[in-house]
Amino acid sequence: MKIIVTENFQETCKLAADMIADVIRKKPDARLGLATGSTAQGVYPFLVEANQSGALDFSRVNTVNLDEYVGLPPEHPQSYRRFMDENLFDHINIDKKNTVVAKGTGDIEENVKEFRDALAKKPIDVQLLGIGVDGHVGFNEPGYVLYDGAHVEELDESTIDANARFFATRDEVPTRAISMGMGDILRAKKLLLLATGENKAEAMKGLLLNEELSAQNPATLVKTHPDVTVIIDRALAKRVGYIQ
Ligand code: F6R
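In this report, the structure presented in the accompanying data block is examined. The residue numbering used here restarts from 1 in each chain and proceeds along that chain's sequence as written. Per-residue local features are limited, in this predicted model, to residues with pLDDT of at least 70; the limit for side-chain atom pairs, both in listing and counting, is 80 or more; totals at the level of whole chains, interfaces and linings are taken over all residues. Each side-chain value is derived from all of the structure's non-hydrogen atoms; neither hydrogens nor water enter the calculation.

### Re the site of the ligand
And then number 1: It suffices for a single heavy atom of a residue to lie within 4 Å of a molecule or strand for the residue to be listed as near it. Around the ligand, a shell composed of 13 residues is seen, among which Thr39, Asp67, His136, Gly138 and Lys200 lie nearest.
And then number 2: At 2.8 Å from an oxygen atom of the ligand is found a side-chain nitrogen or oxygen belonging to Thr36.
And then number 3: The backbone of Gly138 places a nitrogen or oxygen atom 2.8 Å from an oxygen atom of the ligand.
And then number 4: Each accessible area is a Shrake-Rupley result for a 1.4 Å probe, and residues are judged covered by the shown protein chains and nothing else. Coverage of the ligand by the protein amounts to 93% of the 410 Å² it exposes when considered alone.
And then number 5: Here a cavity is any set of points on a 1 Å grid over the protein atoms alone where a 1.4 Å probe fits but cannot get out, and a pocket is any open set with protein on both sides within 12 Å along at least 5 of 7 lines; a residue lines the site when it has an atom within 4 Å of a point. For a cavity or pocket, the test is whether more than half of a molecule's atoms lie within 2 Å of its grid points; if they do, the molecule sits there. With respect to the detected pockets, the ligand is housed in the largest pocket.
And then number 6: The dominant element in the shell around the ligand, judged by the number of residues it contributes, is helix α2 (residues 37–41), at 3 residues.
And then number 7: Classes in brief: Ala, Val, Leu, Ile, Met, Phe, Trp, Tyr, Cys and Pro nonpolar; Asp, Glu, Lys and Arg charged; the others, Gly included, polar. Across the shell around the ligand, the residue classes tally to 3 nonpolar, 7 polar and 3 charged. In protein, a polar contact requires one atom able to donate a hydrogen and another able to accept it; more generally it is a pair of N or O atoms within 3.5 Å, and residues adjacent in sequence count only if both atoms are side-chain atoms. Numbering of helices and strands runs from the N terminus, with a helix taken as a DSSP run of H or I at least four residues long and a strand as a DSSP run of E at least two residues long.

### What about the packing of aromatic side chains?
And then number 1: For Phe, Tyr and Trp, rings pair up if their centres lie within 6.5 Å, where Trp contributes its six-membered ring, and each pair is then called stacked (planes under 30 degrees apart), edge-to-face (over 60) or tilted (otherwise). One pass over the structure, following the stated rule, counts 4 aromatic pairs.
And then number 2: An angle of 75° between the planes, with centres 5.9 Å apart, marks the rings of Tyr69 and Phe167 as edge-to-face. You can see Tyr69 sitting in strand β4 (residues 67–69) and its partner Phe167 sitting in the loop between α6 (157–163) and β8 (176–179), a full 98 residues away along the chain. Just as Tyr69 is buried, Phe167 falls in that class too.
And then number 3: Centre to centre, the rings of Tyr80 and Phe139 are 6.2 Å apart; their planes meet at 20°, and the pair counts as stacked. With a gap of 59 residues between them, Tyr80 in helix α4 (residues 80–87) and Phe139 in the loop between β6 (126–129) and β7 (151–154) connect regions that are remote in the sequence.
And then number 4: For Tyr80, a relative accessible area of 9% puts it in the buried group. Exposure categories follow from relative accessible area, calculated using a 1.4 Å probe and restricted to protein chains: below 20% of the type maximum is buried, above 50% is exposed, and the middle band is partly exposed.

### Digging into a nonpolar patch on the surface
And then number 1: Only residues whose relative accessible area exceeds 30% and that form no salt bridge are eligible for patches; like-charged ones are grouped when within 9 Å, while nonpolar side chains (Val, Leu, Ile, Met, Phe, Trp, Tyr) are grouped when within 5 Å. When a carboxyl oxygen of Asp or Glu is within 4 Å of a side-chain nitrogen of Lys or Arg, the pair counts as a salt bridge. The grouping of Tyr144, Val145 and Tyr147 at the surface amounts to a nonpolar patch, some 410 Å² of accessible area in total.
And then number 2: If you trace the backbone, Tyr147 turns up in the loop between β6 and β7.
And then number 3: According to the relative accessible area criterion, Tyr147 is partly exposed, its value standing at 44%.

### Overview of the sheet that holds β4
And then number 1: Pairing between strands requires that DSSP locate at least two bridges from one strand to the other. Strand order in the open sheet formed by 3 strands is β4-β8-β7, and the pairing between neighbours is antiparallel. Both edges of this open sheet fall to β4 and β7, since each of them pairs with a single strand only. Across the sheet, the mean angle from the axis of one strand to that of its neighbour is 30°, orientation sign disregarded.
And then number 2: Contacts between residues were defined by any pair of non-hydrogen atoms, one from each residue, lying within 4.5 Å. Axis lines are fitted to C-alpha atoms, over the contacting stretch for helices. Their N-to-C directions set the angle, which ranges from 0 to 180 degrees. Helix-sheet contacts for helix α5 (residues 108–121) involve β7 and β8, and the interaxial angle to β8 is about 25°.

### What to know about the pairing of strand β2 (residues 31–34)
In the case of a regular strand, side chains alternate between the two sheet surfaces.
And then number 1: Burial along β2 is two-sided: the face carrying Arg31 and Gly33 and the face carrying Leu32 and Leu34 are both buried.
And then number 2: Here 4 bridges tie β2 to strand β3 (residues 62–65), and the two strands are oriented parallel to one another. Its bridge partner lying in β3, Leu32 is registered against Thr63.
And then number 3: Taken together, the 2 bridges between β2 and β6 define a ladder with parallel strand orientation. Each bridged residue has a counterpart across the sheet, and for Leu32 the counterpart in β6 is Val126.

Keep in mind that these numbers describe shape and distance, not what the molecule does.
Below, the structure written as structure tokens:
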């Protein structure tokens, strides 16, 4: 596991965007695994800028997102499809037919199957990850078991609390999501896990301070991956006790 401590969140995002751009330059038809949320949101402006300045071409790139809320249609302001369109896809020269975000409404079982089929089509060249306050990656929540493939996950109370900031009331936050499984994430060729914010300190301790793998902190499983880069800013790294 390669761990990079940056001065601040901006530097984290720039570095992550540069690493993703590097994958695309080496492989113009790369498959990107993408994430939503505040952390990933900081990365996309750098990719948009690179594309708009002519330095990065997305015309042959294809993407697959980690997750989508169950119950939100694609046009809902908080759906992850809408998030991706607004933060990235609408501003770059990607063909939206080549972007996969699981469908959160309709026949959910069928949507999971469709998502599984999409994931099976092509390996992910680089997977961008944030981390939940409870250690989730994608929406693989802590528990006794973790799942290999795409599935429906019941969101933890702490996840619902954390994501309530995006909704008018906490009651509006969906309680379930379709998520890639831990196996899907670990099968990506390269993982980039970004962490920022004091509320991630407990989860990051499990990742950075010992060798334990625990289903109670799903992010710890990325330790087993042969090509994982963790990017964390100085403030959080200090809080975790990773640096003085
Ligand atoms: C988002 C996702 C989640 C987030 C995590 C951190 O697609 O799968 O695992 O990465 O909840 O969210 P933020 O960055 O908003 O703190």
